[in-house]
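Each chain, letter by letter, is given below.
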Amino acid sequence: MTTPTPSATVLFVCVHNAGRSQMAAGWLRHLAGDRVEVLSAGSAPAGTVNPVAVAAMAEVGIDIAAQQPKLLSDTAVRASDVVITMGCGDACPFHPGKRYEDWQLDDPAGQGIEAVRPIRDEIRRRVEELLESLA
């Protein structure tokens, strides 16, 4: 039995790789399964994933607790077909031939669960649109 080859590689980037990009990666893994390779990274990664983001995703049955923030590398950008930035500014390297999108989303850092839920839900909506565009 062969494992299907992912149709695309998507990289989610935010500053700390602890909230928005981790939630987006969790949604895409959940919704796409092995149809898409999912990467996430940060320009200045935090030590751990935001516990409120973990809790918000757990509410919808997605476990991102084991994820670790990673430093954004040029290699990750080169390996990706689509690069989604979320407030990382000019820190993300640009390579011709890649699809870039910048998602303007509130930062869940320092927010309570009530403020993070709408961010989580907006990320899901955008991930669903992204998946449709990759089909």
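Located above this text is the structure these notes cover.
So, how was this worked out
- Residues numbered from 1 in each chain as written.
- Predicted model: local features only at pLDDT ≥ 70, side-chain atom pairs only at ≥ 80, totals over all residues.
- Heavy atoms only, no water.
- Axes fitted to C-alpha atoms, helices over the stretch in contact; angles between N-to-C directions.
- Helix = DSSP H or I, 4+ residues; strand = E, 2+ residues; numbered from the N terminus.
- Parallel < 35°, antiparallel > 145°, perpendicular 65-115°, else oblique.
- Left-handed = near helix turned anticlockwise from the far one by under 90°.
- Contact = heavy atoms within 4.5 Å.
- Nonpolar A, V, L, I, M, F, W, Y, C, P; charged D, E, K, R; others polar.
- Buried < 20%, exposed > 50% of the residue type's maximum accessible area, 1.4 Å probe, protein only.
- Pairing = 2+ DSSP bridges.
- Right-handed = clockwise from strand over helix to strand, strands pointing away.
- Salt bridge = Lys/Arg side-chain N within 4 Å of Asp/Glu carboxyl O.
- Polar contact = N/O pair within 3.5 Å; in protein donor to acceptor, adjacent residues only side chain to side chain.

## Description of the packing of helix 2 (residues 51–58) against helix 4 (residues 113–134)
Then, in step 1: Interhelical geometry of helix 2 versus helix 4 gives an angle of 60° and a closest axis separation of 9 Å. The angle between the axes of helix 2 and helix 4 places the two elements in the oblique class. For the pair helix 2 and helix 4, the crossing hand works out as right-handed. For the pair helix 2 and helix 4, the contacting residues are Val-52, Ala-53, Ala-55, Ala-56 and Met-57 in the first and Ile-113, Val-116 and Arg-120 in the second.
Then, in step 2: Across the contact of helix 2 with helix 4, the residue classes break down as seven nonpolar, no polar and one charged.

## As for the pairing of strand 1 (residues 8–14)
Here is the key point about a regular strand: its side chains alternate between the two faces of the sheet.
Then, in step 1: Among the seven residues of strand 1, seven are classified as buried, and the element is accordingly described as predominantly covered.
Then, in step 2: Across the two faces of strand 1 the burial is the same, with Ala-8, Val-10, Phe-12 and Cys-14 and Thr-9, Leu-11 and Val-13 all buried.
Then, in step 3: In this structure, strand 1 lies alongside strand 2 (residues 36–42), joined through seven bridges in parallel fashion. Bridging across to strand 2, Leu-11 finds its partner in Leu-39.
Then, in step 4: Taken together, strand 1, helix 1 (residues 20–32) and strand 2 form a β-α-β motif whose crossover is right-handed.
Then, in step 5: With five bridges joining them, strand 1 and strand 3 (residues 82–86) adopt parallel strand pairing. Its bridge partner being in strand 3, Leu-11 is matched across the sheet by Val-83.

## Focus: the packing of helix 1 against helix 4
Then, in step 1: Orientation of helix 1 relative to helix 4, taken along the N-to-C sense of each, is 50°, at an axis distance of 9 Å. Comparing their axes, helix 4 and helix 1 come out oblique. Pair helix 1 / helix 4 crosses with right-handed handedness. Listed contacts from helix 4 to Arg-20, Met-23, Ala-24, Trp-27, Leu-28, Leu-31 and Ala-32 of helix 1 are Val-116, Ile-119, Arg-120, Ile-123, Arg-124, Val-127, Glu-128, Leu-130 and Leu-131.

## Here we look at the pattern of salt bridges
Then, in step 1: In the structure shown here, the tally under the stated rule is eleven salt bridges.
Then, in step 2: In this structure, Glu-122 and Arg-125 form a salt bridge, with 2.6 Å as the shortest nitrogen-oxygen distance. One end of the pair, Glu-122, and the other, Arg-125, are both in helix 4, three residues apart, so they sit about a helical turn from each other.
Then, in step 3: Residue Glu-122 is classed as partly exposed on the basis of its relative accessible area of 23%.

## Re unusual backbone geometry
Then, in step 1: A positive phi is found at Asn-17, a non-glycine position, where the angle reads about 50°.
Then, in step 2: The buried category is assigned to Asn-17, whose relative accessible area is 0%.

## Some details on the side chain of Asn-17
Then, in step 1: Inspection of the secondary structure assignment puts Asn-17 in the loop between strand 1 and helix 1.
Then, in step 2: In terms of polar contacts, Asn-17 uses its side chain to reach the side chain of Ser-21, at 2.9 Å.
Then, in step 3: Once residues lying within four places of it in the same chain are set aside, the contact partners of Asn-17 are Gln-22, Ser-40, Ala-41, Gly-42, Gln-68, Pro-69 and Lys-70.

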